[in-house]
Amino acid sequence: QVQLVESGGGLVQAGGSLRLSCAASGRTFSSYAMGWFRQAPGKEREFVAAITGSGGNTYYADSVKGRFTISRDNVKNTVYLQMNSLKPEDTAVYYCARRKVYSGTNYYYDYDYWGQGTQVTVSS
């Protein structure tokens, strides 16, 4: 069983920064791509960013491109999301997830394990 635990959320003013972390259990962390999703109240869960197992490739939603950076440390079994220039519309619960081994896209159904989520609130 894989466990994913997010941390680092909080309240920040618009224009500020936060760094989310997601610690994963298990010994095969580097074999899997990892992603971040978010869900705002009344909205569907949406893709934010993903990174391949080696960390060599990253993918971003257009809404966060140039402001967010995903990275990973395969020694620490941790994936990060550095969020800069935050906007009120970034307010959501942020989830990290592990992508299925044979999936090559980033829809929510491509991911099989999810963390409990961490709240990010950006005030205007």
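Given the structure is predicted, the values throughout are model-derived calculations rather than measurements.

1. Things to note about the packing of aromatic side chains
No. 1: Going through the model one piece at a time under the given rule, you end up with six aromatic pairs.
No. 2: Pairing Tyr 107 with Tyr 109 gives two aromatic rings, centres 5.4 Å apart and planes at 15 degrees, and the pair type is stacked.
No. 3: Assessed through its relative accessible area of 48%, Tyr 109 is described here as partly exposed.
No. 4: Among the aromatic side chains, those forming a connected cluster through ring pairs are Phe 37, Phe 47, Tyr 111 and Trp 114.
No. 5: The ring of Tyr 95 carries the charged tip of Arg 45 above its face, separated from the ring centre by 3.9 Å.
No. 6: We note Arg 72 situated over the ring of Phe 29; from NZ or CZ to the ring centre the distance is 4.3 Å.

2. Here we look at the nonpolar core
No. 1: Judged by nonpolar contacts, the single largest core of 31 residues is most densely connected at Trp 36, Val 48, Phe 68, Val 79, Leu 81, Met 83 and Tyr 94.
No. 2: For this core, the leading source of residues is strand 5 (residues 46–51), giving five residues.
No. 3: Not counting residues within four places of it along the chain, the set of residues in contact with Met 83 comprises Gly 16, Ser 17, Leu 18, Leu 20, Arg 67, Phe 68, Tyr 94 and Val 120.

3. Quick notes on the pattern of salt bridges
No. 1: Per the stated rule, a full pass over the model turns up five salt bridges.
No. 2: Here Asp 62 and Lys 65 are joined by a salt bridge, their closest N and O atoms 3.1 Å apart.

4. Focus on the layout of surface pockets
No. 1: For the largest pocket, the calculated volume is near 160 Å³.
No. 2: What lines the largest pocket is Phe 37, Glu 44, Arg 45, Glu 46, Phe 47, Asn 106, Tyr 107 and Tyr 108.
No. 3: Considered class by class, the residues forming the lining of the largest pocket number four nonpolar, one polar and three charged.

Quick notes on the rules
Residues numbered from 1 in each chain as written. Predicted model: local features only at pLDDT ≥ 70, side-chain atom pairs only at ≥ 80, totals over all residues. Heavy atoms only, no water. Phe/Tyr/Trp six-rings, centres within 6.5 Å; stacked < 30°, edge-to-face > 60°. Buried < 20%, exposed > 50% of the residue type's maximum accessible area, 1.4 Å probe, protein only. Lys NZ or Arg CZ within 6 Å of the ring centre and 35° of its normal. Core = buried A, V, L, I, M, F, W, Y, C linked by side-chain atoms within 4.5 Å. Helix = DSSP H or I, 4+ residues; strand = E, 2+ residues; numbered from the N terminus. Contact = heavy atoms within 4.5 Å. Salt bridge = Lys/Arg side-chain N within 4 Å of Asp/Glu carboxyl O. 1 Å grid on protein atoms, 1.4 Å probe; cavity = no way out; pocket = protein on both sides within 12 Å on 5 of 7 lines; lining within 4 Å. Points joined across faces, edges and corners; volume = space filled by probe spheres on them. Nonpolar A, V, L, I, M, F, W, Y, C, P; charged D, E, K, R; others polar.

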